[in-house]
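# Secondary and tertiary structure notes
Take a look at the letters that make up each chain.
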Amino acid sequence: MTKRITVGAALTAGLLAVGACSDQLTVPNYNNPTPGSIAGDPIGGLQLSVTGILGQDRSDFIGWISNAGIFGRESYNFFPTDARSHTHFVSQNPLDPAGFASGGGAWTGRYRNLRNLFNLREGVAAATDRLTPAQVKAANGFAGTMEGIEYLYIVLQRHDNGGPVAIESDPKVLQPFVSRDSIYNVAASRLDEAYADLQAGGAAFPFNLHSGFSENGTFNTPSTFAQYNRAFKARVEVSRASLRNPVCGASGITCYQSALAALGASFLDPAGSFYKGVYQVYSAESGDIQNSLNATVNPDLVAHPSLKVDAPRKPDGSVDDRYAEKIRTLSSPRSATGAGNSISTDIGFKMYATGSDPVPIIRNEELILMRAEALYFTGDKAGALSDINLIRTKSGGLAPRGAFTSDNDFITELLLQRRMSLLWEGHRWVDLRRFDRLATLPKDLPGDFIQYEQPIPQAECDARKRAEPALQCKPEAKPGF
């Protein structure tokens with residue numbers, strides 16, 4: 001049995017390691033490691049900084065899964081004493097940038113982590129006389145990968161609103177907003193730069209990563225972490241391609257080709273476990289946090305009733321294996337609170353049995369589906385069909401399907417398989433948006449609204465009013481949604 005090392009436990013281990021190398025106890029700033037703390041004690045400072053970065057990354061992750069699940073009509077939050085947990089997400093048109101449904105915490109957390117990553121790089125640069133060249137490359141490869149991932153999640157949430165992409169020494173200097181496409185391009189560039197660093201990063205990092213990088217595959221050395229980097233590069237590339245980013249060409253083919261190259265260097269393995277990948281880890285240990293997607297920790301998160309109707313059927317008429325594995329019937333139906341909220345559901349999730357269950361960040365099954373998409377749009381329709389049928393038969397227990405009759409037919413099939421395979425992992429809302437199909441989401445009540453993107457938080461806009469008066473805090477509602 002593999003021993004789980006949680007983020008909290010990793011922090012404790014790192015601090016003990018620091019103390020073991022020092023004659024005097026020095027208490028660092030755990031919440032905001034500085035370049036000086038790394039330069040003064042490179043190995044201990046790096047461990048402290050990396051643990052904090054991974055902890056901040058994790059702290060925003062559950063909220064992203066829950067928000068994207070509600071926006072994509074995978075889940076609902078039927079919190080009994082506050083109807084806004086439901087209504088603000090599905091009927092506010094558009095979202096209030098000052099409201100909790102705007103996801104302002106995730107915005108702040110992502111940029112806080114980019115500041116932490118900036119400090120990590122500064123600290124490494126100040127300690128090159130006490131780190132080997134390979135250790136410098138490994139640390140910068142980790143930092144660049146995490147920067148690319150942070151920018152990706154920022155643009156997934158804010159989409160057309162864009163955001164800043166520069167972190168400078170003086171945190172009080174506001175950096176200008178750039179477009180959605182520019183953020184994607186920066187994410188791709190950071191991931192490529194980091195990949196080159198990781199390839200020169202030697203046999204080991206000068207710090208430890210938490211157990212989510214080792215429990216479902218090995219991704220805790222520079223060379224194996226590089227596979228994680230390439231998996232995210234592929235995710236960025238299929239997004240750029242399907243959104244017709246100008247760098248991808250008119251048909252997106254350039255970025256789809258880049259996605260295939262990245263997948264070839266990732267951990268994609270058609271014969272391997274679909275669950276191989278990197279995970280966020282949780283526990284009930286003191287100082288750590290639990291997986292609040294678990295029904296015991298948060299019984300108010302329920303599954304959207306459309307899943308019960310839309311789940312594919314196997315040849316014998318029974319339901320798709322993925323539905324059976326992930327969805328449970330509630331002991332009694334749950335309904336939203338508040339006047340006029342008649343929507344109810346009798347299904348919930350059983351994906352996370354305890355508050356200590358890990359949550360996938362990216363895994364093999366997604367990589368196979370990304371390859372199917374990239375193969376199809378680069379002309380290999382037979383290869384795309386093979387990957388789709390692998391997912392249909394191995395993951396869903398479904399019969400294989402025949403050749404695609406059109407691009408529309410392929411996209412419909414791809415979205416169905418991604419919906420079932422990647423259920424409640426933060427994908428459906430994004431997938432439907434990038435293929436222009438948000439309007440296909442169900443509106444359970446006449447006043448419901450399909451959210452297109454999350455607004456820039458009001459506090460961010462207020463701070464920028466003089467420098468960027470044209471910045472829109474509250475975007476216009478999208479027609480037809």
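Structure's up top.
In this report, we go over the structure that sits alongside the text. (Residues numbered from 1 in each chain as written. Predicted model: local features only at pLDDT ≥ 70, side-chain atom pairs only at ≥ 80, totals over all residues. Heavy atoms only, no water.)

What follows deals with the overall build of the protein. Across its full length, the protein holds 17 helices and eight strands. Relative to the compact-globule value of 23 Å for 481 residues, the protein shows a C-alpha radius of gyration of 22 Å, a close match. C-alpha extents for the protein along the principal axes are approximately 65 × 50 × 50 Å. A burial count over the protein gives 57% of its 481 residues as buried. A separation threshold of at least 6 residues defines the contact pool for the protein, and within that pool the share at least 24 residues apart is 73%. Only carbon and sulfur atoms are counted for the fraction: they give 53% of the accessible area of the protein, which is about 18,900 Å². (Helix = DSSP H or I, 4+ residues; strand = E, 2+ residues; numbered from the N terminus. Rg over C-alpha atoms; globule rule 2.2 N^0.38 Å. Buried < 20%, exposed > 50% of the residue type's maximum accessible area, 1.4 Å probe, protein only. Contact = heavy atoms within 4.5 Å. Areas by Shrake-Rupley, 256 points an atom, 1.4 Å probe, with all protein chains shown as cover.)

Right, let's get into the packing of helix α7 (residues 133-158) against helix α9 (residues 222-242). Between α7 and α9, whose axes approach to 10 Å, the crossing angle comes to 25°. When the interaxial angle is binned, α7 and α9 end up roughly parallel. Between α7 and α9 the crossing geometry is left-handed. Contact residues: α7 offers A138, G141, F142, T145, I149, L152 and Y153, while α9 offers P222, F225, Y228, N229, F232, R235 and V236. (Axes fitted to C-alpha atoms, helices over the stretch in contact; angles between N-to-C directions. Parallel < 35°, antiparallel > 145°, perpendicular 65-115°, else oblique. Left-handed = near helix turned anticlockwise from the far one by under 90°.)

In this section: the packing of helix α13 (residues 364-377) against helix α14 (residues 381-395). At a minimum axis distance of 7 Å, the contact between α13 and α14 shows a crossing angle of 155°. Taken together, the axis directions place α13 and α14 in an arrangement best described as roughly antiparallel. In this structure, the crossing between α13 and α14 has a hand that is left-handed. Taken together, the residues of α14 that come into contact with α13 (itself represented by E365, I368, L369, R371, A372, L375 and Y376) are K381, G383, A384, D387, I388, L390, I391 and S395. For the contact of α13 with α14, the per-class residue count stands at nine nonpolar, two polar and four charged. (Nonpolar A, V, L, I, M, F, W, Y, C, P; charged D, E, K, R; others polar.)

Looking now at the nonpolar core. By size, the foremost hydrophobic cluster in this structure holds 127 residues, and its most contacted members are L120, F142, L209, Y228, F232, F410 and W424. Here the element with the most residues in this core is α7; it accounts for 13 residues. Ignoring anything within four residues of it in the chain, the contact list for F410 reads A372, E373, Y376, F377, A384, I388 and F404. (Core = buried A, V, L, I, M, F, W, Y, C linked by side-chain atoms within 4.5 Å.)

The final tally for this structure, using the stated rule, is one disulfide. One disulfide in the model links C248 with C255; its S-S distance is 2.0 Å. The sign of the -80° torsion about the S-S bond sets the C248-C255 disulfide as left-handed. Taking the relative accessible area as the measure of exposure, C255 reaches 2% and is therefore buried. (Disulfide = S-S within 2.5 Å.)

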